[in-house]
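Notes for the structure review
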Amino acid sequence: MVDKVPVVYVAGWGRSGTTLIDRILGQSPDLMSLGEVGLLPERGIMGGELCGCGLAFQECPFWTAVGERAFGGWDKVDAPRMKVLFHDLGRVRHDLLPRFLVERGDYLDRVREYLDFYTAVLVAAHEESGRIPIDSSKHPTVASLLSRAEGLDVRVLHVVRDPRGVAYSWTKAVTRTDAGVGSVEEITRLVPERSGWIWLRMNAVAGSLRRKAAGYARVRYEDAVADPAGVLGGALDRLGLPSAGVPGIGPGGEIDLAACHTVAGNPSRMRVGATRLRLDSEWRTALPAGTRRRVGLVTTPLRKRYGY
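Residues numbered from 1 in each chain as written. Predicted model: local features only at pLDDT ≥ 70, side-chain atom pairs only at ≥ 80, totals over all residues. Heavy atoms only, no water.

1. Here we look at the pattern of salt bridges
- This structure, assessed with the given rule, holds 15 salt bridges.
- With a closest N to O distance of 2.7 Å, glutamate 36 and lysine 138 form a salt bridge. Separated by 102 residues along the polypeptide, glutamate 36 in the loop between strand 2 (31-33) and helix 2 (40-46) and lysine 138 in strand 3 (residues 132-138) bring together distant segments of the chain. Accessibility classification places glutamate 36 together with lysine 138 in one group, the buried group.
- Residue arginine 81 is joined to glutamate 113 by a salt bridge in which the shortest nitrogen-to-oxygen separation is 2.8 Å. In this pair, arginine 81 is assigned in helix 4 (residues 79-89) and glutamate 113 in helix 7 (residues 107-129), connecting sequence segments 32 residues apart.
- Exposure remark for arginine 81: the relative accessible area of 30% places this residue in the partly exposed category. (Salt bridge = Lys/Arg side-chain N within 4 Å of Asp/Glu carboxyl O. Helix = DSSP H or I, 4+ residues; strand = E, 2+ residues; numbered from the N terminus. Buried < 20%, exposed > 50% of the residue type's maximum accessible area, 1.4 Å probe, protein only.)

Pasting the structure below:
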């Protein structure tokens, strides 16, 4: 029997620091940051956007080799179909509704089709790099599906952040500079209250992965920024994965980020070199008091459980 490939799946809600945590973990000699693998068909195969190494996806030697190992070349993949399956099967409602309401029609056939694709990518990435892949796609429902894959041993790292900080971050303009040469676009913004509702749903489902994945650990963004080696190293220990080599903070509060092969994610994934870790707490003064209260009210059940 072939051993399963271990995978670290970073789950949670956007603007929670998942890209930064992915990058920090990827500095370990045992782990490799792949970014948001779920967006690979859309951003990589179809869009030809930039890999974290700075090259276009089609020009990146690592991803070219992964495509050859997995499929005999990316041109053999029905990328539009995989894009549709990712966005369809990854809807959180699939984990909130009773299974008999979800698993109807050709649902299970689509799951098998998608898992075959996703598993092939992650296994090939593992074989090509010799390291444990980190997938920071965040979607907890996708992680739930991956836990069914016969060839994968999925360990979930659930990243949470104060929902009021997340809500404020979603109001800020973030320009995507990683879409390719000459391509600049702004990421969609959300009103704070809507972000709060999504934060609640996404984290509720992510927490349920404790019962489904081979391993589960939850970390707070705020704690990981303050002590990456201790917090993330401890999380890897709880996941039963190697933790030697997770970098700590230098004397100036910085961490040295090497180039990586992230296929998609927050534009900060392109950052290399000495990076000063700083807790983003601007929301405490910039988010209006009334908005803070409303977001806090919406997210109360989980917010208090997570210590916010």
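2. Looking at the sheet that holds strand 7 (residues 215-220)
- On the basis of which strands lie adjacent, the open sheet formed by five strands has the order 2-3-1-4-7 and parallel pairing. If you trace the sheet from one side to the other, it starts and ends with strand 2 and strand 7, each paired once. Between one strand axis and the next, the sheet turns through 25° on average, direction left out of account.
- Of the strands in this sheet, strand 1 (5-11), strand 4 (152-160) and strand 7 touch helix 10 (residues 192-208), which is tilted by about 140° from strand 4. (Pairing = 2+ DSSP bridges. Axes fitted to C-alpha atoms, helices over the stretch in contact; angles between N-to-C directions. Contact = heavy atoms within 4.5 Å.)

Remember that the coordinates give geometry; whether it matters functionally is a separate question.
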